[in-house]
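Chain and residue survey
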Amino acid sequence: MGSKASNSKKTNDKAIKTDKVKGNKFKKSSSQDPDVLVNLPAGLKYKVPGKRQRVIIGSIVIGLNVVLVISVLIYFYSPSFQDFIYNFGRG
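Residues numbered from 1 in each chain as written. Predicted model: local features only at pLDDT ≥ 70, side-chain atom pairs only at ≥ 80, totals over all residues. Heavy atoms only, no water.

Turning our attention to the packing of helix 2 (residues 51-77) against helix 3 (residues 79-88). Taken N-terminus to C-terminus, the directions of helix 2 and helix 3 make an angle of 105°; their axes are 5 Å apart at the nearest point. Taken together, helix 2 and helix 3 sit at an angle that is classed as roughly perpendicular. Across the interface between the two elements, Ser71, Ile74, Tyr75 and Tyr77 of helix 2 pack against Pro79, Phe81, Gln82 and Ile85 of helix 3. Residue classes in the contact of helix 2 with helix 3 are distributed as 6 nonpolar, 2 polar and no charged. (Axes fitted to C-alpha atoms, helices over the stretch in contact; angles between N-to-C directions. Helix = DSSP H or I, 4+ residues; strand = E, 2+ residues; numbered from the N terminus. Parallel < 35°, antiparallel > 145°, perpendicular 65-115°, else oblique. Contact = heavy atoms within 4.5 Å. Nonpolar A, V, L, I, M, F, W, Y, C, P; charged D, E, K, R; others polar.)

Structure (structure tokens):
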């Protein structure tokens, strides 16, 4: 019976601690900040990119991959494009 009471107290303490961390949105980044990936000299810090930045970079990567796949397909099925690629490196 005593173990159940101590377990519930521990879970309540964890819930209170997480509420405190979530409630403090504008905290100063410290060396223990999980958002900071690299601390560079002169006070420069590389942080985890935000959602908008990740979406933009992901869109660019996927778009370039689609262009690559389309160009490879055109290369295999179009002899004139194949000649253009072959002669482009020579000129």
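After that view of the structure, there is still more to cover.
Applying the stated criterion across every chain yields a total of 3 aromatic pairs. Consider the rings of Phe84 and Phe88, whose centres lie 5.7 Å apart with planes at 40°: the pair is tilted. Here the residue Phe84 and the residue Phe88 both occupy positions in helix 3, the gap between them amounting to 4 residues, near one helical turn. Members of the aromatic cluster, connected to one another through ring pairs, are Phe81, Phe84 and Phe88. (Phe/Tyr/Trp six-rings, centres within 6.5 Å; stacked < 30°, edge-to-face > 60°.)

The UniProt feature table records "transmembrane region" (unreviewed entry) at residues 55-77. The span residues 55-77 is 100% helical and 0% strand by assignment, and the distance between its end C-alpha atoms comes to 33 Å. (UniProt positions renumbered as here; feature names shortened; annotations may be inferred.)

What follows is about the pairing of strand 1 (residues 36-39). Of the pairings in the sheet, the one linking strand 1 to strand 2 (residues 45-47) comprises 3 bridges and is antiparallel in character. Considered in strand 2, the bridge of Val36 is made with Lys47. Connecting strand 1 to the next strand, strand 2, in antiparallel fashion are 5 residues, including Ala42 with a positive phi near 70°. (Pairing = 2+ DSSP bridges.)

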